[in-house]
Amino acid sequence: MNLLKLDLQFFSGEKTEKATPRKKQDARKKGQVIKSADVNTALSLLTVFLSFLFIGAFMRDRLILMMKGIFQDYLLVNLTDQNMEGFFYTIALQAGMILAPIMVIALIAGVLSNYIQVGFLFSTESIQMKLNKLDPIQGFKRIYSMRAIVELLKSLLKITVVGVVTFAVLWMDIDNILRLSQMTVEQSFVFIASLTMKMGLYASGALLILSFLDYLYQRFDYEKNLRMSKQDIKDEYKKSEGDPLIKSKIRQRQREMAMRRMMQDVPTADVVITNPTHYAIALKYDEEKMDAPYVVAMGVDHVAQKIKEIAKANDIIMVENRPLARALYDQVDLGQAVPEEFFQAVAEIIAYVYQTKSM
């Protein structure tokens, strides 16, 4: 029963196998990577609130300077068409100087958090126009899909956790909060800034923990979406390694071409050493090319018979020497020179051939 179940699973094409490295690489090129937006948010918030420890004094001084300018100078000025532009320009410049460090830090934190998760990646696949995104049926499925439900639960969990954490921070300082009316403006400002820092850091830490869990979920969902069937793996192997049938035909064609080239070289041989029925070795001696005779053609059975037919048709002398033919076939490859151990035997045959031709 289990074997039948596995067979049916295979033929049904169910995606039960992990994605191959090539599938993951192709998905990465399309912009499909393991990435949690919550990690970006949590790291950015945590970095921004931590930066207040270093740039808080700068922002405080700039904010006080801007407020003094507004209450001491600009409230006493009669607004006209001429000074309105300068007034807004000054306020915008001062506000920009206060917010610029935070914006830069948030930008750097966002880039680094993305790089930590994904690395360097440039892909336009995700921003390309796709008509199926305009399909209302597909859009309805996305809205009411399991992933949408998971995202809704995650959002509710984040709101709950952040709300509980911030409430806990406020509750721990409830006594000081109730005494705010008795504090000076400077004391109130310092306390509210400190309280805001606490809420931000604690909330960012809680979001960071939740973002780690979200990253694990995104990893699981990524692996699930990239799963492959056994047939997908076979098809990918064929694409990467080549179809075995095509490769077999290519090798066969290569062997046929090599065989034709070898048979074309038989008429140039000086002698063919035979078994006499099973082996045939065609040798040629060219002192300009090699110091010893070399093999121009060799074969057994049918190929040997074909070599002997061509040799006979071209008046190539054939010499029967069973041990030598067998030894040369086993130890010498096509195009190689005869080994030194066979020099004497081959030299006697070559001498016999030259003597016969000269007669």
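Bear in mind the structure is a predicted one, so any value in this text is a computation, not a measurement.

Caption draft 1: Just the overall build of the protein, in detail. Each helix and strand in the protein was counted, giving 13 helices and four strands. Looking at the protein residue by residue over its 359 residues, the buried ones come to 27%. Sequence separation of at least 24 residues holds for 75% of the intrachain contacts in the protein that already meet a minimum separation of 6. With the model as given, the accessible surface of the protein reaches about 25100 Å², and the carbon-plus-sulfur share is 62%.

Caption draft 2: The UniProt feature "transmembrane region" (unreviewed entry) in the protein, seen in detail. On the UniProt side, "transmembrane region" (unreviewed entry) is annotated at positions that read residues 39-59, 87-112, 152-171 and 191-217 here. Segment residues 87-112 splits into 100% helix and 0% strand. End C-alpha atoms: 38 Å apart. Helix and strand shares over residues 152-171 are 100% and 0% respectively, and the end C-alpha atoms of the span are 28 Å apart.

Caption draft 3: Region of the structure containing the nonpolar core. Residues L283 and L328 are the most contacted members of the largest nonpolar core, which totals 20 residues. For this core, the secondary structure elements donating two or more residues are β1 (271-274), β2 (279-284), β3 (294-300), β4 (317-320), α12 (322-331) and α13 (343-358). Those residues in contact with L328 that lie beyond four places of it in its chain are I273, I281, L283, M298, V338 and F342. Membership of the second largest hydrophobic core comes to 16 residues, among which are A269, Y294, A297 and I307.

Caption draft 4: Expanded view of the pattern of salt bridges. Counted by the stated rule, this structure contains six salt bridges. One salt bridge connects D38 with K158, and the closest N-O pair in it is separated by 2.9 Å. On the criterion of sequence distance, the pair formed by D38 in helix α3 (residues 37-73) and K158 in helix α6 (residues 146-172) is long-range, its members being 120 residues apart. We classify K158 as partly exposed; its relative accessible area is 25%. Its salt-bridge partner being R60, residue D61 comes within 3.3 Å of it at the nearest N-O pair. With a relative accessible area of 38%, R60 lands in the partly exposed category.

Caption draft 5: Examining the pairing of β3 more closely. Among the seven residues that make up β3, six are buried, leaving the element largely enclosed by the rest of the structure. Sheet analysis places β2 next to β3, joined by six bridges and oriented antiparallel. Across the sheet, K284 pairs through a bridge with Y294, a residue of β3.

Caption draft 6: View of the packing of aromatic side chains. Enumeration over the complete set of coordinates arrives at four aromatic pairs. Each ring, one from F87 and one from F88, has its centre 5.4 Å from the other, and the planes form 70 degrees; the classification is edge-to-face. With a centroid separation of 6.0 Å and an interplanar angle of 25 degrees, the aromatic rings of F167 and W171 are classed as stacked. Of this pair, F167 and W171 both sit in helix α6, separated by four residues, roughly a single helical turn. Across the pair, exposure class does not vary: F167 and W171 are exposed alike.

Caption draft 7: Expanded view of the packing of α3 against helix α8 (residues 185-225). At a minimum axis distance of 6 Å, the contact between α3 and α8 shows a crossing angle of 165 degrees. Taken together, the axes of α3 and α8 are roughly antiparallel relative to one another. In terms of crossing hand, the pair formed by α3 and α8 is left-handed. Counted by class, the contact of α3 with α8 contains 17 nonpolar, four polar and three charged residues.

Caption draft 8: How the structure looks around the sheet that holds β2. Reading across the sheet, the four strands line up as β3-β2-β1-β4 and stay open at both edges, with mixed pairing between neighbours. Where the open sheet ends on each side, the last strands, each with one partner, are β3 and β4. Taking the axes of each pair of neighbouring strands and ignoring which way they run, one obtains an average angle of 20 degrees across the sheet. Most of the contacts of helix α11 (residues 302-313) go to β3, to which it runs at about 125 degrees, and overall it touches β1, β2, β3 and β4. Its contacts with the sheet put α12 on β1, β2, β3 and β4, and the angle it makes with β2 is roughly 80 degrees.

Caption draft 9: View of the pairing of β4. What you see with β4 is a clean split: I317 and V319 sit on the buried side and M318 and E320 on the side with no burial. Bridge count for β1 against β4 is four bridges, and the pairing is parallel. Looking at β4, one finds that V271 is bridged to I317.

Caption draft 10: Fine view of the packing of α6 against α8. The geometry of α6 relative to α8 is characterised by a closest axis approach of 9 Å and an angle of 155 degrees between their N-to-C directions. Overall, the two elements α6 and α8 adopt an arrangement that is roughly antiparallel. Handedness of the α6/α8 crossing: right-handed. Contacts between α6 and α8 involve R147, V150, E151, K154, L157, K158, V161, V162, V165, T166, V169 and L170 from the former and L195, K198, M199, Y202, A203, A206, L207, L210, D214, Y217, Q218 and D221 from the latter. Taken together, the residues of the contact of α6 with α8 break down into 15 nonpolar, two polar and seven charged.

Caption draft 11: Structural view of the confidence of the model for the protein. Mean pLDDT for the protein: 80, with 87% of residues reaching 70 or above. This model gives residues 1-12 a pLDDT under 50, and the stretch forms six contacts once residues within four places in sequence are excluded.

About the cut-offs
- Residues numbered from 1 in each chain as written.
- Predicted model: local features only at pLDDT ≥ 70, side-chain atom pairs only at ≥ 80, totals over all residues.
- Heavy atoms only, no water.
- Helix = DSSP H or I, 4+ residues; strand = E, 2+ residues; numbered from the N terminus.
- Buried < 20%, exposed > 50% of the residue type's maximum accessible area, 1.4 Å probe, protein only.
- Contact = heavy atoms within 4.5 Å.
- Areas by Shrake-Rupley, 256 points an atom, 1.4 Å probe, with all protein chains shown as cover.
- UniProt positions renumbered as here; feature names shortened; annotations may be inferred.
- Core = buried A, V, L, I, M, F, W, Y, C linked by side-chain atoms within 4.5 Å.
- Salt bridge = Lys/Arg side-chain N within 4 Å of Asp/Glu carboxyl O.
- Pairing = 2+ DSSP bridges.
- Phe/Tyr/Trp six-rings, centres within 6.5 Å; stacked < 30°, edge-to-face > 60°.
- Axes fitted to C-alpha atoms, helices over the stretch in contact; angles between N-to-C directions.
- Parallel < 35°, antiparallel > 145°, perpendicular 65-115°, else oblique.
- Left-handed = near helix turned anticlockwise from the far one by under 90°.
- Nonpolar A, V, L, I, M, F, W, Y, C, P; charged D, E, K, R; others polar.
- pLDDT = per-residue confidence, 0-100.

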